[in-house]
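As a plain string of letters, each chain reads:
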Amino acid sequence: MKDKFEKSGLTTVKSDLVDAPIINELPIAMECEFIEYQNDETGIGVIGKVVKTSIEEANMSGDKVNIDSLEAIAFDPYTHGYYKVSGRVGEAFSDGKKLF
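What you see is a predicted model; the values in this text were computed from it and never measured.

Quick look at the packing of aromatic side chains now. Enumeration over the complete set of coordinates arrives at one aromatic pair. Seen in terms of ring centroids, phenylalanine 75 and tyrosine 82 are 5.4 Å apart; in terms of plane orientation they differ by 45 degrees. Their pairing is tilted. Judged by its relative accessible area of 48%, phenylalanine 75 falls in the partly exposed class. Here tyrosine 82 falls in the exposed class, since its relative accessible area comes to 60%.

Structure follows, in structure tokens:
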């Protein structure tokens, strides 16, 4: 859609670091450099390098991002649905060890 930002009411500013817009109304922006496009029997993916992350102070808890405060959503391509991303459910690199 050609005018999707205008129709959504969102505004953008061009990143100084990468060839992409930053959406002004969102609380977090991750500016990434394109590294590689992957397409094989396991699926399709894009590899990038984060060069800058900006976040509003209200979405911080000390020196950490308060993930729940972002009210983030994720897209599921299999069901074509959007889902809320919230609530910590485990500890990376340790929960799996309990299974062995």
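Glancing now at the pairing of strand S8 (residues 81-84). Here four bridges tie strand S7 (residues 73-76) to S8, and the two strands are oriented antiparallel to one another. Within the sheet, the bridge partner assigned to phenylalanine 75 lies in S8 and is tyrosine 82. Hairpin connection of S7 to S8: four residues between the antiparallel strands, including histidine 80 at a positive phi of 55 degrees.

We now examine the environment of lysine 64. Structurally, the position occupied by lysine 64 is in strand S6 (residues 64-65). When its relative accessible area of 56% is taken as the criterion, lysine 64 is described as exposed.

With a phi close to 50 degrees, glutamate 71 is a non-glycine residue in the positive phi region. Mapped onto the secondary structure, glutamate 71 falls in the loop between S6 and S7. Look at glutamate 71 and you get exposed, because its relative accessible area is 69%. Look at histidine 80: it is not a glycine, yet its phi comes out positive at around 55 degrees. Take histidine 80: it is sitting in the loop between S7 and S8.

The subject of this paragraph is the pattern of salt bridges. The tally for this structure, following the rule as stated, stands at two salt bridges. Here arginine 88 and glutamate 91 are joined by a salt bridge, their closest N and O atoms 2.9 Å apart. A salt bridge links aspartate 95 to lysine 98, with the nearest nitrogen and oxygen atoms 3.5 Å apart. Aspartate 95 gets classed as partly exposed once you look at its relative accessible area, which sits at 29%.

With that out of the way, let us pick up the side chain of asparagine 59. Relative to the helices and strands, asparagine 59 is located in the loop between strand S4 (43-55) and strand S5 (60-61). In terms of polar contacts, asparagine 59 uses its side chain to reach the side chain of serine 69, at 2.9 Å. Setting aside its immediate chain neighbours within four residues, asparagine 59 contacts Pro27, Lys64, Val65, Asn66, Ser69 and Leu70.

What counts and what doesn't
- Residues numbered from 1 in each chain as written.
- Predicted model: local features only at pLDDT ≥ 70, side-chain atom pairs only at ≥ 80, totals over all residues.
- Heavy atoms only, no water.
- Phe/Tyr/Trp six-rings, centres within 6.5 Å; stacked < 30°, edge-to-face > 60°.
- Buried < 20%, exposed > 50% of the residue type's maximum accessible area, 1.4 Å probe, protein only.
- Pairing = 2+ DSSP bridges.
- Helix = DSSP H or I, 4+ residues; strand = E, 2+ residues; numbered from the N terminus.
- Salt bridge = Lys/Arg side-chain N within 4 Å of Asp/Glu carboxyl O.
- Polar contact = N/O pair within 3.5 Å; in protein donor to acceptor, adjacent residues only side chain to side chain.
- Contact = heavy atoms within 4.5 Å.

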